[in-house]
Amino acid sequence: MVKENKLKILIPKGRILSSVARLLQETNLIEEINERSYFPVCSDPEIEAKLMKPQNIPQLIEIGSHDLGFTGYDWIVETAAQVEEIMDLGFDRVKIVSAAPSTVTKEELKSRKIIVASEYENISRSYLRRENFNYIFVRSYGATEAFPPEDADLIIDNTATGQTLKENGLKIIDELFTSSTRLIANPASLRDSWKKEKIDEVSMLITSVLQARERVMLEMNVPADRLEGIVQILPCMRSPTVSTLFNEQGYAVKVAVLKKEAARLIPLLKKLGATDILEYEFRKVVI
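The model shown is predicted, which means the values in this text are computed figures rather than measured ones.

Considering empty space enclosed by the protein
And step 1. This model, assessed by the stated rule, comprises one cavity of 30 Å³ or more.
And step 2. If you add up the space inside the largest cavity, you get close to 30 Å³.
And step 3. Looking at the largest cavity, the residues that line it are Arg15, Ile16, Gly72, Asp74, Asp92, Val94, Ser179, Ser180 and Thr181.
And step 4. Of the residues assigned to the lining of the largest cavity, the class counts are two nonpolar, four polar and three charged.

Right, dumping it as structure tokens:
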């Protein structure tokens, strides 16, 4: 009996699920993802997906029970999992910080034995040793910011804006590093020719969606005597597409540009003689 090839993908539950779910649905690889079911519906019969906590994903990828997964860089560091990072998606960017009550200084904390709370035990111990703190470590399981001042003197936690820390009377002592959502793979899976090809296909589709989110298509009509001047100012991915209009009444020009450039370009193009300017979005862009 021939073994059926499957690429096994882990999708993170919790805070980063919405960003990853939207991305995978835009690739058309996954039809439906929600936290009520651990097994999303996959459009591709060669892909099998499962939802897991992001904390567990690096090690599950490392041991090879799954081939590919999405998780935060913080959990890759925390678990020290031997995985291959395929790409930084840039989603849900947070800082990993140490924080303490706003009235306390770092020097005061280092002058005595303190209690430190965090979900990140390995990251915390590494930081505390490096900074020569005398400490007792307490693992938290969420709501770490609620520990000080009664149950901890210092916490190590993630924060996007720092607002939650401020609302709980805390201030940042040190910034340890920045984390974002990464796509990771099992090294052995990358040495398997079929899985490597499948991982490359998934990566290409993900990249095409990310590229599309950054770009729009501008389409316009241009009089023949204005074509050269307009083409020269277009910051396109390659070269613009130019075709002759019916009865040779000028040209139709199409160009893909970064979204952030469109607002500057459209008034300029109008000023240079372009007419009937259209802007529309892409679904995927493969460069």
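A look at the packing of aromatic side chains
And step 1. In this structure the tally under the stated criterion is three aromatic pairs.
And step 2. With a centroid separation of 5.9 Å and an interplanar angle of 40°, the aromatic rings of Tyr127 and Phe133 are classed as tilted.
And step 3. Residue classification places Tyr127 among the buried residues on the basis of a relative accessible area of 2%.
And step 4. Residue Phe133 is classed as buried on the basis of its relative accessible area of 7%.

Considering the sheet that holds strand β6 (residues 84–88)
And step 1. The five strands are arranged β4-β1-β5-β12-β6 in an open sheet whose pairing can be described as mixed. Where the open sheet ends on each side, the last strands, each with one partner, are β4 (47–52) and β6. Taken over all neighbouring pairs, the strand axes of this sheet differ in orientation by 25° on average, direction set aside.
And step 2. Where strand β1 (residues 7–12) and strand β5 (residues 68–72) come together, two bridges link them in parallel fashion. Note on β5: the bridge partner recorded for Leu10 is Gly69.
And step 3. This element, helix α1 (residues 17–27), spans β1, β4, β5 and β12 (181–185) of the sheet and lies at about 140° to β1.
And step 4. The sheet strands contacting helix α8 (residues 193–214) are β1, β4, β5, β6 and β12, and the helix crosses β6 at an angle near 20°.

Observations regarding the pattern of salt bridges
And step 1. Taken as a whole, this structure holds 19 salt bridges when the rule is applied.
And step 2. Between Glu26 and Arg213 there is a salt bridge, and its shortest N-O distance comes to 3.3 Å. Of this pair, Glu26 sits in helix α1 while Arg213 sits in helix α8; the two residues are 187 residues apart in sequence, bridging distant segments of the chain.
And step 3. By relative accessible area, Arg213 is classed as partly exposed at 22%.
And step 4. Each of Asp44, Glu46, Lys198 and Glu201 takes part in one network of salt bridges that share partners.

A short note on the sheet that holds strand β15 (residues 251–258)
And step 1. Ordered by their spatial adjacency, four strands build an open sheet running β14-β15-β13-β16, and the pairing between neighbours is antiparallel. The open sheet has two free edges, formed respectively by β14 (241–244) and β16 (275–281), since each of these has just one partner strand. The sheet shows a mean angle of 15° between the axes of neighbouring strands, direction not considered.
And step 2. The sheet contact formed by β14 and β15 spans four bridges and is antiparallel. By the bridge assignment, Ser243 is partnered in β15 with Ala252.
And step 3. Lying over the sheet, α8 contacts β13 (215–222) and β15, oriented at roughly 55° with respect to β13.

Analysis parameters
- Residues numbered from 1 in each chain as written.
- Predicted model: local features only at pLDDT ≥ 70, side-chain atom pairs only at ≥ 80, totals over all residues.
- Heavy atoms only, no water.
- 1 Å grid on protein atoms, 1.4 Å probe; cavity = no way out; pocket = protein on both sides within 12 Å on 5 of 7 lines; lining within 4 Å.
- Points joined across faces, edges and corners; volume = space filled by probe spheres on them.
- Nonpolar A, V, L, I, M, F, W, Y, C, P; charged D, E, K, R; others polar.
- Phe/Tyr/Trp six-rings, centres within 6.5 Å; stacked < 30°, edge-to-face > 60°.
- Buried < 20%, exposed > 50% of the residue type's maximum accessible area, 1.4 Å probe, protein only.
- Pairing = 2+ DSSP bridges.
- Helix = DSSP H or I, 4+ residues; strand = E, 2+ residues; numbered from the N terminus.
- Axes fitted to C-alpha atoms, helices over the stretch in contact; angles between N-to-C directions.
- Contact = heavy atoms within 4.5 Å.
- Salt bridge = Lys/Arg side-chain N within 4 Å of Asp/Glu carboxyl O.

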